[in-house]
Amino acid sequence: MEPGFLSRLVRAVLPGGAMVLAATACTAGVPSGGGLDGVRGGAFGPRPGDRWTLSGQRVVADFGEARRRGAVGWNLEMLGMSEAERTATAGIKLPVVVGVLDTGVDARHPALAGMLAPGLDFVGEEVVRDRQPPVAYTGLDGNGHGTHVAGILAAVAGSASVRILPIKAMDLSGAGEDDRIARAVDAARTWQGASGERVRILNLSIGGRTLSERLGAALRAAHAAGITIVAASGNRGRGLDFPACLPEVLAVGATTADEGLATYSNRGPGLAFVAPGGDVNVPVWSAWPMHVVASDLGVSQPQTRDGGMMGTSMAAPHVAGLAARLLARRPDMGHAELRRELGRYLVDLGPPGPDAWFGAGLPLWSHVPADGRR
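Everything quoted here is computed from the prediction, not taken from an experiment.

The rules behind the values
- Residues numbered from 1 in each chain as written.
- Predicted model: local features only at pLDDT ≥ 70, side-chain atom pairs only at ≥ 80, totals over all residues.
- Heavy atoms only, no water.
- Helix = DSSP H or I, 4+ residues; strand = E, 2+ residues; numbered from the N terminus.
- Buried < 20%, exposed > 50% of the residue type's maximum accessible area, 1.4 Å probe, protein only.
- Lys, Arg positive; Asp, Glu negative; His and termini not counted.
- Salt bridge = Lys/Arg side-chain N within 4 Å of Asp/Glu carboxyl O.
- Polar contact = N/O pair within 3.5 Å; in protein donor to acceptor, adjacent residues only side chain to side chain.
- Core = buried A, V, L, I, M, F, W, Y, C linked by side-chain atoms within 4.5 Å.
- Contact = heavy atoms within 4.5 Å.
- Phe/Tyr/Trp six-rings, centres within 6.5 Å; stacked < 30°, edge-to-face > 60°.
- Lys NZ or Arg CZ within 6 Å of the ring centre and 35° of its normal.
- Axes fitted to C-alpha atoms, helices over the stretch in contact; angles between N-to-C directions.
- Parallel < 35°, antiparallel > 145°, perpendicular 65-115°, else oblique.
- Nonpolar A, V, L, I, M, F, W, Y, C, P; charged D, E, K, R; others polar.

## Section: the side chain of Asp178
Then step 1. Tracing the sequence through the fold places Asp178 in helix 6 (residues 178-190).
Then step 2. Buried and without a salt bridge, Asp178 has Arg214 as its closest oppositely charged side chain, separated by 7.7 Å.
Then step 3. Only 3.0 Å separates the side chain of Asp178 from the side chain of Ser212, close enough to count as a polar contact.

Structure follows, in structure tokens:
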């Protein structure tokens, strides 16, 4: 384990340690405490390990090509996605726009080339002023979380099936006020591309313990407008975080490489699915900003290009990516049918049938016919 990793991991865990009862649903009208806990609710800090170099060269060479669990690409293998299946274009009608509401996405990353729409920024000026000279992250992903999430989504969905709309609503520390996030959700709902395309899926690898009436209303409006919302269940090992607990949201928990439930993964009756989230020994590998992020300023060997993280933040974009692949082949599907389709192609983990630990189970692309139809 790298020196300082434990302290980095501790900083990434959500603040507060009071026990709470598992939530089965969110209560409407509960006032907000002023903001979500942020992306830290869905991910633990990046973990360089002895299987990759800090420059990321080995990860770049191997990402998505591994054929054994525990190596880079184990998460894609778990979904039953061979290299040929990940690049297949059979049956695709049109790419699906997926909004990634997060800390921003590094548009220069080669793994995301040609897959990004011009991003939306609700954070504005971001400058680290305690460095000389100051370091500006305005309009950039100064945290790394958003780029990592987008990399997973891109790897699962494939370049022909998805266009990613970066929506920067979380700052470089990973925090975000609920009003700002709600405005970002509203913008995703009303966004329209140059060819008239709309956001069909919204990935929220964020969460917290405090409910927000304002954000809940924005998410309900987005759902009513036809946007499928996918959210990380949270990393407390207890009831679902907000907004994953909303009935309009597909809450996603995390599995480890051996298909067990990750100990940190929140659970409850409202859980929809699980997907690879990794653990301290086998994280999920994905894209990382090409620039040095704020937490690595001053580090002699900062991580760039690729990195490993673990958490339900990593699990959510797997499901969002699979949903995008299905919608790209059947763009006429609504929320209920899309959820049913995801539920048709899965392995049932845990007790038989839907349960509070694994939801309906782990969706598998290998079970989907080539044209996306049964």
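## Comments concerning the nonpolar core
Then step 1. Residues Leu101, Val185 and Ile201 are the most contacted members of the largest nonpolar core, which totals 94 residues.
Then step 2. Excluding its chain neighbours within four sequence positions, the residues that come into contact with Ile201 are Val96, Val97, Val98, Gly99, Ile227, Thr228, Val230, Ala320, Ala323, Ala324 and Leu327.

## Looking at the packing of aromatic side chains
Then step 1. In total, this model carries 0 aromatic pairs according to the counting rule given.
Then step 2. A cation over an aromatic ring shows up here: Arg325 above the ring of Trp365, its NZ or CZ 4.5 Å from the ring centre.

## Structural notes on the packing of helix 8 (residues 312-329) against helix 9 (residues 335-344)
Then step 1. Put simply, helix 8 and helix 9 touch, their axes get as near as 10 Å, and they point 110 degrees apart. Regarding the angle of helix 8 to helix 9, the classification is roughly perpendicular. Packed against helix 8, whose contacting residues are Val319, Leu322, Ala323, Leu326 and Leu327, the element helix 9 presents Leu338, Glu341 and Leu342 at the interface.
Then step 2. In the contact of helix 8 with helix 9, the residues fall into 7 nonpolar, no polar and 1 charged.

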